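Coordinate inspection notes
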Amino acid sequence: MAIDQNDLQRRHAEYLTRKKKENLKYTLLSVLGILLFLGIWQLASITGLADPKRLPAPTTIFQTLIYKVGNTAPDGNTLFVNMLASLQVALSGFGVAILIGVPLGLFMGWWEYADRFMRPIFELVRPVPPIAWIPLVVVWMGIGLQAKAMIIFFTAFVPCVINSYTGIKLTSRTLINVSKTFGASNFEIFYKVGIPSALPMVFAGIRVALGNSWSTLVAAEMLAASAGLGYMIQIGRTVARPDIVIAGMVTIGATGAVLSGLLSAVEGRFLKWQTRH
Amino acid sequence: MSESINQAPVKVAVRNLTKKFGDLLVLDNMTFDIHRNEFVCVVGPTGCGKTTFLNCLTRIHEPTEGDLYIDGVPADPRKHNISFVFQEPSAMPWLNVQDNIAYGLRIKRLPQAEIDRRVNQILDLMGLQDSRRKYPGELSVSAAQRVIIGRSFAMQPDLLLMDEPYGQMDVKMRFYLEDEVIRLWRELKSTVVFITHNIEEAVYLAQRVIILSNKPANIKETLTIDLPHPRSVSDPRFIEYRNYITDKIKWW
Ligand SMILES: Nc1ncnc2c1ncn2[C@@H]1O[C@H](COP(=O)(O)OP(=O)(O)OP(=O)(O)O)[C@@H](O)[C@H]1O
Ligand SMILES: [Mg+2]
């Protein structure tokens, strides 16, 4: 063809460097935003504008975080143990929600019978706020890991089902027909066309579910616990240590961001075809 | 113009085919035959029911009345080796080019070595070797369409259905692919039903052109193009055929 390959490559390289410069600029801007926020906060503490007893300075919180890495006071666990306990609760509820919710949504979206059979139950359960399950769950399962994971499960389950259901319902008729004319069975079309085409929506649902799981954690750990970030926050409140409370909040936020990043990586692997334009 | 009698056995028999969508009558009691190893072009006004006809043949839709037979038995894509190039883009966006081309072959459970062989052959034929690992979203419209056409050719179908497959192509690619579909048809001795809006294309390709009426579709005329392949678009007889069909269409 008449297109000059070298010219094309050169222009592509130029585009990449420009893009990199732009990215750097945006990253700098984001960092600047955070620094400014922390700076104002720190200043407010130093000048006494905010009472350090109620709102400790960022440096204090940082010190508390460092301290909590190696020490168990005041809640009885190191930060790491708390984090692990929370992850265990959140991820087991979240995992079970994916394992049950995603296939359920996909089946309901693909087979009319499954839809008609399950939907009334699902619609009945759906509007109940997850927190409202707490008393019942305590009666059923006590206050152990299972009970807490169950609460998380309820918050994560609904978006998994709804998104998988909607995603597979939106499968292109044409692509289904292509497979039909090649002689594929309905089940083959389900897993060769339905599932891959639903996957972007499924991942969006999983993302919402992950957010829900992690943010319901504190509520779940109010069901008496002996470890966990939510538990640490509770103790921090009881012993009037706002720095512990905020350190717990910061850890929850940071861990949530890491989990979300991990999910993005997994999603990127599965949805290569979508991200690569 | 006359219609010559085709001696070959009947490949597709359409008998009193009627299709309604609710109250909308789209195909009105159509009866005709397509012979084995025949190349048929179907032309007709927009929305007259061309796609609906193919959809009935592949059982995407069930006929309201009448039926279609392939090799004497009711049409069934599970039994017959049919390949359908749809009018709208139909590459699987989550499969790369080579997996898209292999898609139908995998459904038919062909041995892997045969799949590899055919995929390579099609990649060469369609000029897609360099993009074999790209996804359809990364391709131009024309290249994505070549993937779909390649996917159909790879099936080596004995019944190839094409619904305006070359609408998105530039002229050069179009001429190239027109010759390719002729070559494939000859090599595989398959039967081809090719829908087009382009009269020149119909005259260039078809042994027989079926001209449909406005909706509800019925056969207005069947015209045998009695010219040997490859044809020349500047041949006076070619032009005569083209003008004849164009005149017919003016009556729409
Ligand atoms: N699934 C359907 N439900 C209801 N009406 C339909 C359906 N499919 C097609 N139709 C109608 O049937 C008529 C014929 O449609 P069809 O797609 O077969 O036309 P066509 O000849 O292929 O047109 P074009 O040249 O635009 O491709 C149109 O009026 C269309 O609206
Ligand atoms: Mg059509």
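Here we summarise the structure given alongside this text.

**Description of the overall build of chain A**
Per the secondary structure count, chain A includes 11 helices and 0 strands. Walking chain A from its N terminus toward its C terminus, one meets helices and strands in the order α-α-α-α-α-α-α-α-α-α-α. With respect to the three principal axes, the spread of C-alpha positions in chain A is 75 × 65 × 30 Å. For chain A, with 277 residues in total, the buried portion stands at 42%. Intrachain contacts of chain A at a sequence separation of at least 6 include 71% that bridge at least 24 residues. Once the 24 positive and 13 negative side-chain charges of chain A are each reduced to a mean point, those two points are 1 Å apart.

**Here's the deal with the overall build of chain B**
Scanning chain B from N- to C-terminus turns up 7 helices and 10 strands. The proportion of buried residues among the 252 residues of chain B is 55%. Looking at chain B alone, contacts between residues at least 24 apart form 68% of all its contacts between residues at least 6 apart. Per element, the accessible surface of chain B, about 11000 Å² overall, is 50% carbon and sulfur. Looking at charge distribution, chain B has the averaged site of its 32 positive side-chain charges lying 3 Å from that of its 32 negative ones.

**A look at the interface of chain B and chain A**
The interface of chain B with chain A comprises 28 residues on the first partner and 20 residues on the second. Summing both sides of the interface, chain B and chain A together bury roughly 2200 Å²; the carbon and sulfur share of this comes to 66%. At the surface where chain B touches chain A, the tally comes to 1 salt bridge. With its nearest N and O atoms 3.2 Å apart, the salt bridge here joins glutamate 188 of chain A to arginine 109 of chain B. Viewed at the interface, chain A and chain B are joined by 6 residue pairs in polar contact (both at pLDDT 80 or more). Contributing elements (two or more residues each) for the side of chain B that touches chain A: β6 (82-85) and α2 (97-107) of chain B. Considering each element in turn, the side of chain B that touches chain A owes the most residues, 4 residues, to α2 of chain B. By residue class, the composition of the side of chain B that touches chain A is 14 nonpolar, 5 polar and 9 charged.

The rules behind these values
- Residues numbered from 1 in each chain as written.
- Chains lettered and ligands numbered in written order.
- Predicted model: local features only at pLDDT ≥ 70, side-chain atom pairs only at ≥ 80, totals over all residues.
- Heavy atoms only, no water.
- Helix = DSSP H or I, 4+ residues; strand = E, 2+ residues; numbered from the N terminus.
- Buried < 20%, exposed > 50% of the residue type's maximum accessible area, 1.4 Å probe, protein only.
- Contact = heavy atoms within 4.5 Å.
- Lys, Arg positive; Asp, Glu negative; His and termini not counted.
- Charge placed at Lys NZ, Arg CZ, Asp CG, Glu CD.
- Areas by Shrake-Rupley, 256 points an atom, 1.4 Å probe, with all protein chains shown as cover.
- Buried area = accessible area lost by both parts, 1.4 Å probe.
- Salt bridge = Lys/Arg side-chain N within 4 Å of Asp/Glu carboxyl O.
- Polar contact = N/O pair within 3.5 Å; in protein donor to acceptor, adjacent residues only side chain to side chain.
- Nonpolar A, V, L, I, M, F, W, Y, C, P; charged D, E, K, R; others polar.

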